[in-house]
Amino acid sequence: RMFRLNYRVLSPDPVLARAGFGPLSGGGDDPVGMARYLTLPRIDPRVKEMADSVTAGATSAFEKARRIEEDLRSRYNYTLDINDAGVADPVAHFLLERNAGHCEYFATAMAVLLRHAGIPSRVVNGFASGEWSSLTGSFIVRQSDAHSWVEAWMDGRGWVTFDPTPSTQEIISRAGLMARLSRAFDQIEILWDTWVIGLDLLDQRSLASALYDTAGRMAASVTATMSRL
């Protein structure tokens, strides 16, 4: 079932927001904040070698992050067909052997590679923006729009968003006749909820009466046209 949410977004002035971003820390000279986003699990040492190779020659943290993001998007494939049963190190298995996974694998792998490169990072789970419906004038957000991406800390800029998952994810999730039919039914359900369920009894009666009158005029027009033939 669909749920309609009303919310408000407040955004500070970009210049003022960026002006307050200094080195990440727990406050003052406390390095705890930085260490939290640089912590790494025990992982195959070849992952560190991969991070070093991909970012070699990069002159800034932002360039390193972009290189890692592009490497994952270009060399790895998106798939939902995953079976990691018995795999001791899923991230290393994804990066070094399978070379395919869903968005959580891509985001986690990028976060690990960033931390190996000395860049604080975190994985974010949420929903993509969904699909705009010109019919209903709203965005339709589905469970299939659930997504994971990465935020990396850049001194002077704060948390910057990166998405290493290949764009083919969108093609996969939306392709095919059944997907198109599903989107059509979603829009019909929204219209029904807006114009029928969401109206009070008086509004429903007014709408029904207007539709009845319109149908009557159309029927009369068709009858008149047929009688002249």
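No experiment lies behind these values; they were computed from the predicted model shown.

On to the side chain of Thr 55. Position of Thr 55 relative to the elements: it lies in helix H3 (residues 45-55). The exposure class of Thr 55 is buried, given its relative accessible area of 8%. A distance of 2.7 Å separates the side chain of Thr 55 from the backbone oxygen of Ala 51, its partner in a polar contact. Excluding residues that lie within four positions of it along the chain, Thr 55 makes contacts with Lys 64, Arg 67, Ile 68 and Ala 117.

With antiparallel pairing, the three strands of this open sheet are ordered in space as S3-S6-S7. Looking at the sheet topology across the chains shown, the edges are occupied by strand S3 (121-127) and strand S7 (158-162). Each neighbouring strand pair of the sheet contributes to a mean axis angle of 35°, computed without reference to strand direction. The pairing of S3 with strand S6 (residues 146-154) spans seven bridges and is classified as antiparallel. Bridge pairing links Ser 121 to Ala 152 in S6. This element, helix H4 (residues 61-75), spans S6 and S7 of the sheet and lies at about 20° to S7.

Let us look at the environment of His 102. As for its position among the elements, His 102 is in the loop between strand S2 (100-101) and helix H6 (103-116). His 102 gets classed as buried once you look at its relative accessible area, which sits at 18%. Those residues in contact with His 102 that sit more than four places away from it in its chain are Tyr 78, Thr 79, Leu 80 and Ile 82.

Counting buried positions along S6 gives eight out of nine residues, so the element sits mostly inside the fold. The antiparallel pairing of S6 with S7 creates a hairpin that spans three residues between the two strands, and Gly 156 there sits at a positive phi of about 90°.

Put simply, the chain has an average pLDDT of 74, and 55% of its residues get 70 or more. Counting contacts from residues 16-20, a segment whose pLDDT is below 50, to residues more than four positions away or on other chains yields two contacts.

Glancing now at the side chain of Ser 121. Positionally, Ser 121 belongs in strand S3. Every residue in contact with Ser 121, bar those within four places of it in the chain, is listed here: Tyr 37, Ala 111, Leu 114, Arg 115, Val 150, Glu 151, Ala 152 and Trp 159.

On to the packing of H3 against H4. The angle between the axes and the distance between the axes are what describe a pair of packed helices. Where H3 contacts H4, the axes come no closer than 9 Å and their chain directions differ by 110°. Put simply, H3 runs roughly perpendicular to H4. Residues Met 50, Val 54 and Thr 55 of H3 form the contact with H4, whose own contacting residues are Lys 64, Arg 67, Ile 68, Asp 71 and Arg 75. Within the contact of H3 with H4, the residues separate by chemical class into three nonpolar, one polar and four charged.

Moving on, we get to the packing of H4 against H6. The contact between H4 and H6 brings their axes to 10 Å, and the two run at 145°. Once H4 is placed against H6, the crossing between them reads as right-handed. Counted together, Ala 65, Ile 68, Glu 69 and Leu 72 of H4 and Phe 106, Met 110, Leu 113 and Leu 114 of H6 form the full contact between these two elements.

About the thresholds
- Residues numbered from 1 in each chain as written.
- Predicted model: local features only at pLDDT ≥ 70, side-chain atom pairs only at ≥ 80, totals over all residues.
- Heavy atoms only, no water.
- Helix = DSSP H or I, 4+ residues; strand = E, 2+ residues; numbered from the N terminus.
- Buried < 20%, exposed > 50% of the residue type's maximum accessible area, 1.4 Å probe, protein only.
- Polar contact = N/O pair within 3.5 Å; in protein donor to acceptor, adjacent residues only side chain to side chain.
- Contact = heavy atoms within 4.5 Å.
- Pairing = 2+ DSSP bridges.
- Axes fitted to C-alpha atoms, helices over the stretch in contact; angles between N-to-C directions.
- pLDDT = per-residue confidence, 0-100.
- Parallel < 35°, antiparallel > 145°, perpendicular 65-115°, else oblique.
- Nonpolar A, V, L, I, M, F, W, Y, C, P; charged D, E, K, R; others polar.
- Left-handed = near helix turned anticlockwise from the far one by under 90°.

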